[in-house]
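For reference, the chains in residue letters:
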Amino acid sequence: MRGTLAQALLRAVPRLRLVPAPGRAERRREGRRGTLRACATFSGVAILAFATQSLELFRPTGIDFIHRHSPTAQKYLIETMGGGVALLDYNQDGRLDVFLVNGGKLGDPVKLPVHYERRDPAFWNRLYRQNPDGTFTDVTAAAGLADAGNNYGMGVAAGDYDNDGFPDLYVTNYGRNALYRNNGNGKFTDVTAAAGVAAGGWSASAGFFDYDRDGRLDLFVTRYLDWDIGRNIFCGTPFHSYCRPDKFGGVTSVLFHNVGGGRFRDVSAASGIAALKGKALGVAFEDYDGDGFADIFVANDGMEQFLFHNKTDGTFEERALEAGVAFSDDGKPFAGMGVAFADYDNDGRPDIAVTNLALEKYALYRNEGGGQFRYASLTSGLAALTARSSGWGVGLYDFDNDGWKDLFVAQSHVLDNVEKIHSGLRYLEPPALFRNAAGRFEKADLPRLPSVAGRGAAFGDLNNDGYMDVVVSVLGGPPLVFLNHGGKNHWLTLQLDRLGARVKVGNQWACATTSGSYLSAGDPRVHFGLGSVQRATVEILWPGGKEQVLENVPVDRIVTVKEPP
Amino acid sequence: MMGAVLLLFLLQVTPELKQHVEAGLKAKNAGDLDTAIREFQRVVEIAPEMPAAQVNLGAVYLAKKSYREAIPPLRRALELNPDLPGAHGMLGTALLALGYASESVSHLEKAGADDLLGVALLETGRTREAVDKLEAALEKRPDDPDLLYYLTQAQGRLSKQVFDRLRQRHPDAARTRQLLGDAHAATGNREAAEKDFRAALEMRPDLRGVHFALGELFLGSGDYQGAEREFREETKLAPGSAAAACKLGAMLLNLGRIPDALAELRRANALEPDMPETLLELGKATAAAGDLVPAEKLLRRVIEQEPASALGESAHYQLAQIYRALKRPAEADREMKMLQEMRKGRK
């Protein structure tokens, strides 16, 4: 693929539309004035601020969400697994809004049939609209998202499945999932039944992507375990704890093909996805072998990981073992939870990072080309940095805009009593940022961050200052919002009108996607840190195969690019 | 022995006795122990002064695990003839089974039954003698699970006795704290273990093995930097320790410092050549350095030595990765298949 793109550079390329987003130039100028100015444009309370750190923990005015997971003495497994967070610009005003998925009410023990009390506002999922001054307003009820149905909430995917220009929401649950169509007028409509995407069982992460390049976003839904709240079992001696996944059978994930007209067709069996039962928690999409079609990486808990290779004919073949991404360096399965699928070493090939439990070391697989990966946790330094930690939401983004993608992880063990079981481990952990120093990771100094039960993590530029921000969902607590102070490095963000486009700037590659991480959906815009580079050449490979080049693009701005006809 | 007793017995018997003896033996061989008991009881009634008659009855009770009932005829047999080693063995067995370990010892000694004597000695607190007898019995039946169990018990008790003596006589000695640290580490109490190990080092900084144990402790909780520090200290104290060099090398590999890891692992392999643990880590480090063909050779040697262990499994996986990188997919598939078969076998 890179060869074709390079050839394309040699011939005349169509001139591209550079469309600065309305109002963004002003924000960008403010952002460039420096760290403090960037924060000043974002209203809220800085609860921790460190002059030397780029990521600042922030409590934005208006976000009052508390995740309610209803922990019980029964240790129902769903209690410890939620919930997700999405960053999306639902009203297309140029500012990212925040959607948070709630859990539900659980009795101790539950009475069957279970009522999760999702009509109680305490258990609502919540949509927070970002205002021009950086504050947020809870618009859940006005947006028609107050009714989550009688389900226990898990995660969220975001994408414009009907190509009307407004991102839609897909919420996963233990129970029936829900597709909320964005009407474009500030309201959403539950179209699950008409679209045929309820799935059922225990869904975890989901993501929109266009696997057959027909211009419509399809939907992949991971499902975790063959687990039933009515058949809960007790685990752990002498300390009663959440059961390990090996106590339950696996289940198949679901692939919905978008057939247009607002409808999807379940192609799990026909595509080969349902040929394998997994214990899937995380999912991410990228074209790992450069054939122009998006492949699927599924993070499985306590078994081998899955890499579904897109055979370009609407079917997939699971190739994790052959590709070298199924196991750890010792050939052992691990507790795969979140996943990032991006090029960390700037060689043009997307690599894979998978979070897991303490003592397993986060897995980093370097894409070596030819469909092969190599376990790189040791050589990249990541193993030593993460051996004591348990990770969930994860993202590979350039937080300091130095031209290398860093790794951010939401952390916490899965067992809330792990200290009793293993005195060397901790349940609550602060999130971690690992800076990428030319392919080798170093832990960034983020002192005095609170230890929390981090779960989902969504990445995006909340204040449009060119530096990536993060929202971490916290089990049983308020989310952590990290604003990136930024620095003096230059940047470029591309707003493309199709997910799945791959973009090259300098020697960096990135893919337009909202998927990855754990239970979460991120900013669809493609961000590049550029260091001292002041003008850039941008190459775009659209999912349909078209190639475009933007030359001499000025930096430190958000550029909107539409796919040429 | 039983055959000789019976032969002697049969030479002296009347036809009626012979008939009951044969019926008893037939029933015993057929597994009909109740009938056998009835027949041998009749034999004892007819010939109460014959030791063999008592022995036969006791033997059937023993076969039925009716230990309490086996004891009187066996005792009577030995009163009539104390030189019956088989009877001593059976009586010792019955007594031991009922918990009369002290009384069983003399009978088991006379029977020369090392296995049961080892157990009896263990139960009577004569632990050191028990170890000797159990080890002797294990030479004849090296994989006997009962013997292995009792030897573990005996040696554990022996070591506890020594430990108690150490604690009693030197409660604050460095070695006492080292051992307490080991005990805490074994039970998962990491904080207490580290405290004891640190106290031991404070008293005797040159104590070998303590830094190694601390390194293992840190490794077990994922603190690779801490583990490296301790293994490095151990290699300073014991530069000839292949185990310490191997652990340090493995830590450096996990820390991503490949050249340093290779140096330590090569040193470990030179100190104690071909240890499979060292070969595996050396193979991994060599592969990480990009030297795939030498790595392949090292991993093959691991499999030669450890064809069925976790080390062998890991070596198969590493080899599969190497073959894929070398564009030899058929060999990679073969290695993965072997790994999967090993795992299935283990389940």
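On a predicted model such as this, the values are computed, not experimentally measured, just so you know.

Reading guide: rules and limits
- Position labels on residues start from 1 in each chain and follow its written sequence.
- In the order they appear in the text, chains get letters beginning with A and ligands get numbers beginning with 1.
- Per-residue local features of the predicted model are confined to residues with pLDDT of at least 70, and side-chain atom pairs are confined, for both listing and counting, to 80 or more; whole-chain, interface and lining totals are unaffected and use all residues.
- Hydrogens and water molecules were not included; the side-chain quantities draw on all heavy atoms of the structure.
- Runs of H or I in DSSP of at least four residues are treated as helices and runs of E of at least two as strands, each being numbered from the N terminus.
- Accessibility here uses a 1.4 Å probe with only protein chains present; expressed as a share of the type maximum, an area under 20% marks a residue as buried, one over 50% as exposed, and anything in between as partly exposed.
- Any two residues having at least one pair of non-hydrogen atoms within 4.5 Å are treated as being in contact.
- Each accessible area is a Shrake-Rupley estimate made with a 1.4 Å probe; only the visible protein chains count as cover when residues are assessed.
- We score Asp and Glu as negative and Lys and Arg as positive, and we do not count His or the chain ends.
- Charge coordinates come from a single atom per side chain, which is NZ of Lys, CZ of Arg, CG of Asp or CD of Glu.
- Two strands qualify as a pair provided DSSP detects at least 2 bridges between them.
- Here an axis means a line fitted to C-alpha atoms, over the contact stretch when the element is a helix, while the angle between two N-to-C directions is reported on a 0 to 180 degree scale.
- For this text, the term disulfide refers to a pair of cysteine sulfurs within 2.5 Å.
- We define a salt bridge as a contact between a side-chain nitrogen of Lys or Arg and a carboxyl oxygen of Asp or Glu at a distance within 4 Å.
- To estimate the expected span of a helix, subtract one from its residue number and multiply by 1.5 Å.
- Think of pLDDT as the predictor's per-residue confidence, scored from 0 to 100.
- An angle below 35 degrees is read as roughly parallel, one above 145 as roughly antiparallel, one from 65 to 115 as roughly perpendicular, and any other as oblique.
- Take the far helix as the reference: if the near one is turned anticlockwise from it by less than a right angle, the crossing is left-handed, and if turned clockwise, right-handed.
- Residues are grouped as follows: Ala, Val, Leu, Ile, Met, Phe, Trp, Tyr, Cys and Pro are nonpolar; Asp, Glu, Lys and Arg are charged; all remaining types, including Gly, are polar.
- By convention, the term buried area covers the 1.4 Å-probe accessible surface removed from two parts as they join, with the contributions of both added.
- Pairs of N or O atoms are called polar contacts if they sit within 3.5 Å, as long as, within protein, a hydrogen donor faces a hydrogen acceptor (for residues adjacent in sequence, only side-chain-to-side-chain pairs).

**A look at the overall build of chain A**
In terms of helices and strands, chain A carries 8 helices and 38 strands. If one aligns the C-alpha atoms of chain A with their principal axes, the spans along those axes are about 65 × 50 × 50 Å. Within chain A, the fraction of its 565 residues that count as buried is 65%. Sequence separation of at least 24 residues holds for 59% of the intrachain contacts in chain A that already meet a minimum separation of 6. For chain A, the accessible surface area stands at approximately 19,000 Å², while carbon and sulfur atoms represent 50% of it. For chain A, the centre of its 59 positive side-chain charges and the centre of its 65 negative side-chain charges are spaced 2 Å apart.

**Considering the sheet that holds strand β23 (residues 363-369) of chain A**
All names here are of chain A. One open sheet holds the 4 strands; their spatial order is β21-β22-β23-β24, and the pairing between them is antiparallel. This sheet does not close on itself; its edge strands, each paired only once, are β21 (339-342) and β24 (372-375). The sheet shows a mean angle of 20° between the axes of neighbouring strands, taken without regard to direction. Summarising the sheet, β21 and strand β22 (residues 351-354) pair through 4 bridges and their orientation is antiparallel. Bridge assignment links alanine 342 to a residue of β22, and that residue is aspartate 351.

**Quick word on the state of the cysteines**
All names here are of chain A. Evaluation of the coordinates by the stated rule reveals 1 disulfide over all chains. The disulfide partner of cysteine 235 is cysteine 243, and the S-S distance across this bridge is 2.0 Å. One quick way to see it: the torsion about the S-S bond of cysteine 235 and cysteine 243 is about 95°, and its sign makes the bridge right-handed.

**Some remarks on the pattern of salt bridges**
All names here are of chain A. Per the counting criterion, the structure on display carries 53 salt bridges over all chains. The partner of arginine 366 in a salt bridge is aspartate 347, and the shortest N-O contact between them spans 3.7 Å. Here the residue arginine 366 occupies a position in strand β23, and aspartate 347 occupies one in the loop between β21 and β22, the gap between them amounting to 19 residues. For aspartate 347, a relative accessible area of 16% corresponds to the buried category.

**Focus on helix α3 (residues 33-46) of chain B**
Between its first and last C-alpha, α3(B) extends 20 Å over 14 residues, near the 20 Å set by a 1.5 Å rise per residue. For α3(B), the set of buried residues is B:Leu33, B:Thr35, B:Ala36, B:Ile37, B:Glu39, B:Phe40, B:Val43 and B:Val44.

**Structural notes on the pairing of strand β12 (residues 203-209) of chain A**
Residue and element names in this part refer to chain A. Counting buried residues along β12, 7 of its 7 residues qualify, which places the element largely inside the surrounding structure. In the sheet, β12 pairs with strand β13 (residues 218-223) via 5 bridges, with the strands oriented antiparallel. Among the inter-strand pairings, glycine 207 is bridged to a residue of β13, identified as phenylalanine 220.

**Considerations on the confidence of the model for chain B**
Mean pLDDT for chain B: 93, with 96% of residues reaching 70 or above. Our summary of model confidence lists the complex with pTM equal to 0.84 and ipTM equal to 0.82.

**Notes on the packing of helix α17 (residues 276-288) of chain B against helix α19 (residues 310-325) of chain B**
All names here are of chain B. For the pair α17 and α19, the least separation of the axes is 11 Å and the interaxial angle reads 20°. With respect to α19, the element α17 is oriented roughly parallel. Every pair of crossing elements has a handedness; the one defined by α17 and α19 is left-handed. On α19, the residues that touch Pro276, Glu277, Leu280, Lys284 and Ala287 of α17 are Leu311, Ser314, Ala315, Gln318 and Ile322. Partitioned by chemical class, the residues of the contact of α17 with α19 number 6 nonpolar, 2 polar and 2 charged.

**Some details on the interface of chain A and chain B**
Facing the 27 residues of chain A at the interface are 29 residues of chain B. Here chain A meets chain B over a buried area of about 2,200 Å², counting both sides, of which 46% is carbon and sulfur. At the surface where chain A touches chain B, the tally comes to 4 salt bridges. We note a salt bridge from A:Asp330 to B:Lys284, for which the minimum N-O separation is 2.8 Å. Seen at the junction of chain A and chain B, the total is 15 residue pairs in polar contact (both at pLDDT 80 or more). Elements that contribute at least two residues to the side of chain A that touches chain B include exactly α6 (320-323), β24 and α7 (382-386) of chain A.

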